[in-house]
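Summary of structural features
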Amino acid sequence: MSWRGSTTFPDRIFACLPYLLPLIDSLVFGSFLFRQFPLLQVLLLPLQPVLIIYGSLGQIGQIIVFFALFALVVRNEKINHFIRFNTMQAILLDIVIFLCSILLRILTPIPGAGFAIETIANTIFLGILASVVYSVFQSLNGRYAEIPTISDAVHMQVR
């Protein structure tokens, strides 16, 4: 859907960048998958500089990045709607990751839940990965990525 005007190539690139946040935060859930299929770690090589910088910020720095994106991009109406929409969608995907991590922390102490935890973690990782790939692909094509429920919430937040 491209109902808010046309997008320039730089706008498309800037709209893709916030998706690094949920992608990096979801890598924790992919650890089981990466152990089972070490060849998949090769796909992470282009992300290494970003992983090093983001990891060096610590948790406080990561929270600051999270809120800075919200306050300085999503709420700034001088920025193109396309960029603000994608930034908010990336933030909501990151919130989903946070909520899923709480779920796994609750399940971890349960004896015999190892297989269930591994399955849930893999599902979360693959779901977020699919969402990010789809959203980046749509953004590069200048279209709004419509993810059920999440995009509806984004449309309510970004005017």
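All values reported here derive from a predicted model rather than from experimental measurement.

For the rest of this paragraph, the subject is the layout of surface pockets. In this model, the largest pocket occupies a volume close to 740 Å³. In terms of lining residues, the largest pocket is bounded by 23 residues, among which Asp25, Gln59, Gln62, Phe98 and Ser101 are the most central. Of all elements in the fold, only helix 2 (20-26), helix 3 (31-36), helix 4 (48-56), helix 5 (58-74), helix 6 (81-107) and helix 7 (114-140) reach the threshold of two or more residues within the lining of the largest pocket. When residues of the lining of the largest pocket are assigned to their parent elements, the largest contribution, seven residues, is made by helix 6. Of the residues contributing to the lining of the largest pocket, the split by class is 15 nonpolar, five polar and three charged. Quantified by volume, the second largest pocket comes out at close to 240 Å³. Together, 14 residues line the second largest pocket, and Leu23, Leu43, Leu44, Phe125 and Leu129 are the ones closest to its centre. Elements that contribute at least two residues to the lining of the second largest pocket include exactly helix 3 and helix 7.

Looking only at helix 8 (residues 150-157), the buried set comprises Ile150, Ser151 and Val154. Along the axis of helix 8, the buried positions cluster into a sector of 90 degrees, meaning they face one direction only. Buried-residue contacts for helix 8 involve helix 6.

All right, on to the packing of aromatic side chains then. Within the structure shown, the criterion is met by four aromatic pairs. Their ring planes at 70 degrees and their centres at 5.5 Å tell us that Phe34 and Phe125 sit as a pair that is edge-to-face. Here the residue Phe34 occupies a position in helix 3, and Phe125 occupies one in helix 7, the gap between them amounting to 91 residues. Neither Phe34 nor Phe125 differs from the other in exposure class; each is buried. Plain terms: the ring middles of Phe66 and Phe67 are 5.3 Å apart, the flat faces sit at 90 degrees to each other, and that makes the pair edge-to-face. A relative accessible area of 17% means that Phe66 is categorised as buried. Taken together, the aromatic side chains of Phe82, Phe85 and Tyr144 make up a single cluster linked through ring pairs.

Proteins that are soluble and globular tend to have nonpolar side chains buried together. The biggest cluster of nonpolar side chains holds 38 residues, and the ones touching the most others in it are Phe29, Leu93 and Val154. Those elements giving two or more residues to this core turn out to be helix 2, helix 3, helix 5, helix 6, helix 7 and helix 8. The biggest single contributor to this core is helix 6, with eleven residues. Leaving out residues up to four positions away in the same chain, Phe29 has contacts with Ile97, Cys100, Ser101, Leu104, Ala121, Asn122, Ile124 and Phe125.

With that settled, the discussion passes to a nonpolar patch on the surface. Side chains of Phe9, Ile13, Phe14, Leu17 and Leu140 sit close together on the surface and give an oily, nonpolar patch of about 490 Å² of accessible area. The element that contributes the greatest number of residues to the nonpolar patch is helix 1 (residues 9-16), accounting for three residues. Within the secondary structure, Ile13 sits in helix 1.

So, on to the packing of helix 4 against helix 5. Packing of helix 4 against helix 5 leaves a shortest axis separation of 7 Å and a crossing angle of 105 degrees. Regarding the angle of helix 4 to helix 5, the classification is roughly perpendicular. In this structure, helix 4 contributes Tyr54, Gly55 and Ser56 to the contact, and helix 5 contributes Gly58, Gln62 and Val65. Tallied by class, residues from the contact of helix 4 with helix 5 come to two nonpolar, four polar and no charged.

Each value, and the rule that gives it
Residues numbered from 1 in each chain as written. Predicted model: local features only at pLDDT ≥ 70, side-chain atom pairs only at ≥ 80, totals over all residues. Heavy atoms only, no water. 1 Å grid on protein atoms, 1.4 Å probe; cavity = no way out; pocket = protein on both sides within 12 Å on 5 of 7 lines; lining within 4 Å. Points joined across faces, edges and corners; volume = space filled by probe spheres on them. Helix = DSSP H or I, 4+ residues; strand = E, 2+ residues; numbered from the N terminus. Nonpolar A, V, L, I, M, F, W, Y, C, P; charged D, E, K, R; others polar. Buried < 20%, exposed > 50% of the residue type's maximum accessible area, 1.4 Å probe, protein only. Arc of directions from axis to C-beta. Contact = heavy atoms within 4.5 Å. Phe/Tyr/Trp six-rings, centres within 6.5 Å; stacked < 30°, edge-to-face > 60°. Core = buried A, V, L, I, M, F, W, Y, C linked by side-chain atoms within 4.5 Å. Patch = residues over 30% accessible without salt bridge, like charges linked within 9 Å, V, L, I, M, F, W, Y side chains within 5 Å. Areas by Shrake-Rupley, 256 points an atom, 1.4 Å probe, with all protein chains shown as cover. Salt bridge = Lys/Arg side-chain N within 4 Å of Asp/Glu carboxyl O. Axes fitted to C-alpha atoms, helices over the stretch in contact; angles between N-to-C directions. Parallel < 35°, antiparallel > 145°, perpendicular 65-115°, else oblique.

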